[in-house]
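Fold and contact review
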Amino acid sequence: MKNFEANRISKIETSIFTKISQLAIKHKAINLGQGFPDFDGPDWIMEEAFKAMKSGKNQYAPANGVLSFRKEISDVYKKFYSLDINADEEITVTAGATEALYSTFNAFFQEGDELILFEPYYDGYFANAILCGANPKFISLRKPDFTFDFYELEANITEKTKAIILNNPHNPTGKVWTLEELHWIAKLAKRYNLLVISDEVYEFLTFDGVSHIPIASLPEMKERTITISSMGKTFGMTGWKIGYAVAPANLTAPIQKVHQWTTFAVNTPGQHAMAHALNQLDEYLPIFRKTYEEKRDYVLSELKSSNFKAHLPKASYFIMLDIPKEKNINDLECATELIEKNGIATIPSSAFYSKSDEGKGMLRLCFAKKDEILRAGIEKLKNY
Ligand code: PMP
Ligand code: GLN
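A few points on the structure. (Residues numbered from 1 in each chain as written. Chains lettered and ligands numbered in written order. Predicted model: local features only at pLDDT ≥ 70, side-chain atom pairs only at ≥ 80, totals over all residues. Heavy atoms only, no water.)

**What to know about the site of ligand 1**
- Lining the immediate environment of ligand 1, one finds 13 residues, of which T98, D199, S230, K233 and K241 sit closest.
- A distance of 2.5 Å separates a nitrogen atom of ligand 1 from a polar side-chain atom of D199.
- Relative to its unbound accessible surface of 400 Å², ligand 1 loses 93% to contact with the protein.
- The residue inventory of the shell around ligand 1, partitioned by class, reads 5 nonpolar, 5 polar and 3 charged. (Near = heavy atom within 4 Å. Polar contact = N/O pair within 3.5 Å; in protein donor to acceptor, adjacent residues only side chain to side chain. Areas by Shrake-Rupley, 256 points an atom, 1.4 Å probe, with all protein chains shown as cover. Nonpolar A, V, L, I, M, F, W, Y, C, P; charged D, E, K, R; others polar.)

Printed below as a string of structure tokens:
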């Protein structure tokens, strides 16, 4: 049979999250791999969606999103980050952050463009770059604090570079970028006239009293930044697939050109429910953060008596683990062995790297799981 696959997608593989989840199912392993909570989001949000459905909010939403939702997003930016966002011209509601990334990459990148990607990276950025024919240049974040060489970043910017991709807070490391790092990235973006695409889906999942700083809130950065977020992360309902991209009007227009032929509009009742949910952040966030912080602390304290060394995450629901050196085994072998022999699934970190070998020595664990699942999973890790 002829190979019908388009050339440009031949480099894209099934995502590591799907691969590991399938292997976990096959071996009936506890799944601390793919990043999603195995518990439900708030009932009161579901009730709002149901109310919206029952009151006739069931036809297409406007392509850029339901107005009340866009207004709430704008209010959140004002209240939490002192940013003025025009709800009519600067917001696009998308089918999760995934679609926001797709529409943004396709709006700005074409064959031959270069973009800067910090590794380890959420692998969606790499796939989207490939789909657009753009070439990522990789800057490695180095252990223990996953920081980067400031001058290496500048040296990798060329005439073809169009954007720096930032993920703050960071998947998979749980890093919250320091103000110094953000200022340096902003300085280079301004000096070389680059866009910054900032994926901030874990903006509210920060620990130890850390507050998130959007790079768009730094001086003169709003005009060149596309900020992406996900209600799936903020409210622990990843299956709802509601996200958004915030950008100045001249950058929002191209994003919406792609968006209108990708999904056109996002499910209407869900947006009404999320408008209500965003309005409750003050009451919701302390409980949300406490729930996850307790899980993080539990996992970190238990792992002290294992052979894995954990890197402290300041945000997100991920922890990076160093594979014990004595095992003399790479991440893929270790993750496979853990699933097949120990009954516990994690993500081999080399999937998040293209340049450095550092990923071969690490696994990513997701702690957004019920306490009893975490307990059982950690026991299995300790047995390794
Ligand atoms: N960006 C990052 C960093 C993520 O971790 C994820 C999903 N885990 C996404 C984007 C995709 O978000 P969504 O589920 O809203 O499409
Ligand atoms: N982003 C999630 C993770 O990092 C997975 C999302 C997906 O499977 N597309 O685990």
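**As for the sheet that holds strand β5 (residues 161-167)**
- An order of β2-β8-β7-β6-β5-β3-β4 is seen for the 7 strands of this open sheet, with the pairing classed as mixed. Edge positions in the sheet fall to β2 (91-94) and β4 (135-140), since each has one partner strand and no second. Looking at each pair of strands side by side, their axes are set apart by 20° on average, direction ignored.
- Relative to β4, strand β3 (residues 114-119) runs parallel, the two sharing 6 bridges. When the bridges of β4 are listed, F118 appears paired with I139.
- Strands β2, β3, β5, β6 (195-199), β7 (225-230) and β8 (243-246) of the sheet are contacted by helix α4 (residues 96-108), whose axis makes an angle of about 160° with β7.
- Contacting β2, β6 and β7, helix α9 (residues 249-259) crosses the sheet at an angle of about 25° to β2. (Pairing = 2+ DSSP bridges. Helix = DSSP H or I, 4+ residues; strand = E, 2+ residues; numbered from the N terminus. Axes fitted to C-alpha atoms, helices over the stretch in contact; angles between N-to-C directions. Contact = heavy atoms within 4.5 Å.)

**Some words on the side chain of S103**
- Within the fold, S103 resides in helix α4.
- Using a relative accessible area of 0% as the deciding quantity, one classes S103 as buried.
- At 2.8 Å, the side chain of S103 and the side chain of E99 are in polar contact.
- Sequence-distant contacts of S103, defined by excluding residues within four places in its chain, comprise I255, V258, H259 and T262. (Buried < 20%, exposed > 50% of the residue type's maximum accessible area, 1.4 Å probe, protein only.)

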